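# Coordinates in review
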Amino acid sequence: MEIKGIGDRLADKIIKSFGGREEFLKAVKNFEVDRIAGIEGVSQHRAIEIVNSVLGNPTEEFLKTERAVQIYDDIVGRILGFASTKYAKNRILLMSPIKNEETIKESMSFVMQAKYAASHLPRDEIKRLLKKIDPTDDPKPKYDPSKAILVESSDDYHQIIELGLNSYCPVITSEELESLEDFELIVYVYSEGIMEFEDAYNITMVNNESEAFEIVPNTVLSYFKENYDLLRNILKIKEILGRKSIIKEVLDILDSLESVDVDETVFDRAIESSKEKADLKLKDAIKKVDLKGDEVLNLLNEEMPGKIQKIFDEVMKDARDEIKEETGCAFDPFIQKYPVEIDYSELERIKKQEMSKKQVTTFEEEVKAASIISKFKVDVESEIQEILLFDYEFALGCFAYYYDLHTPTIGDGFRFKEGLHLNLALINDKNIQKIDYQLESPENVVLLTGANSGGKTTLLETLAQISIMAQMGLPVCAQEAQVKLVDEVYFFSKKHSLDAGAFESFLRTFMPIVTREEDKLILLDELEAITELEAAVKIISSFMDFVHDSESFAIIVTHMAREILKYTDVRVDGIEAKGLDADYNLIVDRTPRMNHLAKSTPELILRRMYEKSDGKLQKIYERILEKF
Ligand SMILES: Nc1ncnc2c1ncn2[C@@H]1O[C@H](COP(=O)(O)OP(=O)(O)OP(=O)(O)O)[C@@H](O)[C@H]1O
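On a predicted model such as this, the values are computed, not experimentally measured, just so you know.

Below, the discussion takes up the packing of aromatic side chains. Enumeration over the complete set of coordinates arrives at 13 aromatic pairs. Seen in terms of ring centroids, Phe390 and Phe394 are 5.4 Å apart; in terms of plane orientation they differ by 25°. Their pairing is stacked. Of this pair, Phe390 and Phe394 both sit in helix 18 (residues 377-402), four residues apart, which is roughly one turn of that helix. Residue Phe390 shares its accessibility class with Phe394, and that shared class is buried. Linked through ring pairs, Phe82, Phe399, Tyr401, Tyr402 and Tyr403 together constitute an aromatic cluster. For the cation-ring pair, Arg91 lies above Tyr392, with the distance from its terminal atom to the ring centre recorded as 4.3 Å. The ring of Tyr223 carries the charged tip of Lys377 above its face, separated from the ring centre by 4.3 Å.

The structure is reproduced here in structure tokens:
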């Protein structure tokens with residue numbers, strides 16, 4: 001693969017922005033059109049051209065006229081409508097016509113298999129899930145200032161920096177640590193173990209030879225956490241497809257990681273309710289106490305009589321037990337008084353301690369999860385890739401399914417049965433007629449004549465679609481078809497401009513066609529609309545003779561068949577209009593009759609206009625009709 005087809009300056013710029021040729025070629029192989037389109041001055045369209053030309057499939061060598069390109073773009077646009085992910089869209093944008101028969105056949109059979117699969121799948125549900133698949137690359141680390149890594153020496157410090165862990169949380173040395181309270185969690189990465197901490201609930205010790213995820217589990221977990229929803233959707237899709245997946249295990253591990261938040265209100269509620277109960281019990285019990293004279297005297301000296309102390313002891317014990325029951329934590333937040341008072345600073349201390357403990361357990365759980373889950377990363381990534389590829393396949397399958405495409409054979413000419421223009425393929429209307437047609441040697445040049453609005457342009461476009469789609473490796477919109485693989489497709493659409501500039505530019509593109517050796521499919525829609533009639537007749541007839549003697553194929557739509565036939569001898573086909581139906585629609589057999597010169601029937605169109613108008617306008621149509 002070389003970087004051909006790109007100007008040197010642009011190639012330099014692109015390679016530079018990728019940080020090297022290898023990186024750029026890797027992106028091309030991964031169909032990363034967007035990364036190239038992201039470079040300043042490179043449009044999406046140009047990016048596609050660049051990737052295609054690097055891959056060796058330049059579309060511009062095949063699609064020779066503006067209209068041919070439009071027909072190709074229209075086909076691609078229709079397929080894109082079925083794709084959901086950026087990956088699939090890029091791959092579809094890069095589908096270009098080629099001539100290698102083997103590759104074309106392989107691709108057609110791939111699409112037909114996808115069509116079969118799509119026909120059996122819950123398409124809407126899958127599409128809804130695929131719409132949510134947008135994988136992020138490795139997410140940027142989230143910086144968490146509430147945690148810290150504590151190290152002993154500058155060697156240890158550098159080791160942590162080298163692992164890039166300083167982008168997850170602060171890294172501090174013992175001198176910088178003013179208070180343990182500064183952080184919710186401190187991961188002490190020790191080598192000697194020289195620091196000692198008493199009653200430090202928010203510290204966890206990790207050996208300095210540990211792996212990165214044992215110090216910061218998020219180095220592994222972030223990727224999975226950030227992609228949680230994506231993974232869930234991938235799992236759902238794989239379940240629908242009946243494919244095996246390891247994602248369920250990954251999600252179970254992620255789900256098992258408890259949330260760090262300690263519910264502080266549990267503490268507040270437990271304490272309030274035990275205080276209320278204690279107050280009631282004290283009131284009841286103390287009322288019944290009978291104090292002796294010296295006990296009353298002692299009480300005046302603020303000495304608690306034994307009887308009352310006993311009551312307090314019992315009631316407070318009950319209160320503490322109740323709190324332990326509710327919060328799972330043994331502590332005493334009460335001050336012995338009546339009514340009982342709450343020691344709020346003790347309550348806060350306990351809450352903080354519990355949070356720290358919880359932080360440490362969560363950390364340990366995360367390390368455990370990270371160590372298991374890290375082994376799944378490669379598989380998870382390949383499952384994501386598998387689903388992106390599936391989206392591409394599914395889009396092609398849906399396209400083939402909804403448009404009812406069929407594999408054509410490859411042969412020496414063009415022939416199709418029950419063909420339909422893609423515009424008409426999805427319309428459910430009894431007036432839509434499927435068409436049979438053929439263009440084969442020795443009748444490789446044909447004049448197509450017929451009724452106004454009979455469907456001549458539509459037929460030309462149908463053949464162009466069949467040829468382009470087949471060479472893109474797609475099945476085609478016809479029940480049966482044979483296509484010839486050509487090098488170039490030309491489509492000249494009907495232009496209404498008759499000025500000299502248009503004529504000259506037409507000749508400039510048109511005439512060199514016959515000097516080229518390549519096999520061509522040439523479709524010409526009413527040349528006489530571009531030039532003066534007499535000149536058109538002469539140009540067309542000479543052109544037809546040249547094509548006739550070549551390996552190329554041409555259909556020429558004309559209203560001047562009789563005149564052209566004076567100069568050359570070719571097959572003439574005709575689309576015949578038989579009249580108007582009760583709703584003034586044209587009754588027409590859309591399949592051309594071979595060797596039949598059909599009249600154009602403007603009077604039928606005029607009659608329809610006459611019937612559908614009224615008043616003055618109708619009178620005018622009537623006057624014109626009288627002349628026919
Ligand atoms: N096979 C078909 N079945 C139903 N409708 C068709 C079919 N082919 C063409 N039409 C419809 O007939 C109309 C005229 O088609 P088209 O423009 O191809 O005719 P034309 O012969 O090229 O006309 P013109 O006289 O302008 O050259 C369009 O609305 C088109 O959708």
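Now that the structure has been shown, the text picks up again.
The strands making up a sheet associate through hydrogen bonds between their backbones, and the pairing can be parallel or antiparallel. Sheet architecture is open: four strands sit in the order 2-1-3-4, paired in parallel fashion. Edge positions in the open sheet fall to strand 2 (171-173) and strand 4 (203-207), since each of these has one partner strand only. Pairs of neighbouring strands in the sheet enclose a mean axial angle of 30°, with direction left out of account. Sitting on the sheet, helix 9 (residues 154-162) is in contact with strand 1 (147-151), strand 2 and strand 3 (185-190), with an inclination near 135° to strand 1. Sitting on the sheet, helix 17 (residues 344-373) is in contact with strand 1, strand 3 and strand 4, with an inclination near 30° to strand 4.

Further remarks concern the nonpolar core. One finds Phe24, Ile75, Ile149 and Leu474 to be the most contacted residues of the largest nonpolar core, which totals 137 residues. Of all the elements, helix 18 adds the most residues to this core, at twelve residues. Once you skip the residues sitting within four places of it in the chain, Leu474 turns out to touch Ile75, Ile79, Met95, Met108, Val111, Leu396, Phe399, Pro408 and Met469. Counting residues in hydrophobic clusters, the runner-up holds 25 residues, among them Phe492, Ile513, Ile522 and Ala554.

Turning our attention to the domain arrangement of the chain. When the parts of a complex come together, some accessible area is lost, and that lost area is often taken as the interface size. What the domain assignment reports for the chain is domain 1 (1-56), domain 2 (147-225), domain 3 (264-342) and domain 4 (409-597). Each of domain 2 and domain 3 has a C-alpha centre, and the two are 44 Å apart.

Before going further, it helps to spend a moment on the packing of helix 8 (residues 123-130) against helix 18. Their axes nearest at 11 Å, the elements helix 8 and helix 18 cross at an angle of 140°. The hand of the helix 8/helix 18 crossing is left-handed. Of helix 18, the residues touching helix 8 (which contributes Arg123, Ile126, Lys127 and Leu130) are Ile387, Phe390, Asp391, Phe394, Cys398, Tyr401 and Tyr402.

We now examine a nonpolar patch on the surface. Side chains of Leu617, Ile620, Ile624 and Phe628 sit close together on the surface and give an oily, nonpolar patch of about 390 Å² of accessible area. Accessibility expressed as a relative area gives 47% for Leu617, which makes it partly exposed.

Let us now look at the UniProt feature "binding site: ATP" (unreviewed entry) in the chain. Under the present numbering, the feature "binding site: ATP" (unreviewed entry) in UniProt falls on Gly450, Ala451, Asn452, Ser453, Gly454, Gly455, Lys456 and Thr457. With respect to the element layout, Lys456 can be found in helix 20 (residues 456-471). What makes Lys456 buried here is its relative accessible area of 7%. Residues contacting Lys456, with those up to four places away along its chain left out, are Leu448, Thr449, Gly450, Ala451, Val557, His559 and Ile575. A distance of 3.4 Å separates the side chain of Lys456 from the backbone oxygen of Gly450, its partner in a polar contact. For Thr457, the position within the fold is in helix 20. With residues near it in sequence (within four places) discarded, Thr457 still touches Lys494 and Asp525.

Conventions used here
- Residues numbered from 1 in each chain as written.
- Predicted model: local features only at pLDDT ≥ 70, side-chain atom pairs only at ≥ 80, totals over all residues.
- Heavy atoms only, no water.
- Phe/Tyr/Trp six-rings, centres within 6.5 Å; stacked < 30°, edge-to-face > 60°.
- Helix = DSSP H or I, 4+ residues; strand = E, 2+ residues; numbered from the N terminus.
- Buried < 20%, exposed > 50% of the residue type's maximum accessible area, 1.4 Å probe, protein only.
- Lys NZ or Arg CZ within 6 Å of the ring centre and 35° of its normal.
- Pairing = 2+ DSSP bridges.
- Axes fitted to C-alpha atoms, helices over the stretch in contact; angles between N-to-C directions.
- Contact = heavy atoms within 4.5 Å.
- Core = buried A, V, L, I, M, F, W, Y, C linked by side-chain atoms within 4.5 Å.
- Domains from an automatic or database assignment.
- Left-handed = near helix turned anticlockwise from the far one by under 90°.
- Patch = residues over 30% accessible without salt bridge, like charges linked within 9 Å, V, L, I, M, F, W, Y side chains within 5 Å.
- Areas by Shrake-Rupley, 256 points an atom, 1.4 Å probe, with all protein chains shown as cover.
- Salt bridge = Lys/Arg side-chain N within 4 Å of Asp/Glu carboxyl O.
- UniProt positions renumbered as here; feature names shortened; annotations may be inferred.
- Polar contact = N/O pair within 3.5 Å; in protein donor to acceptor, adjacent residues only side chain to side chain.

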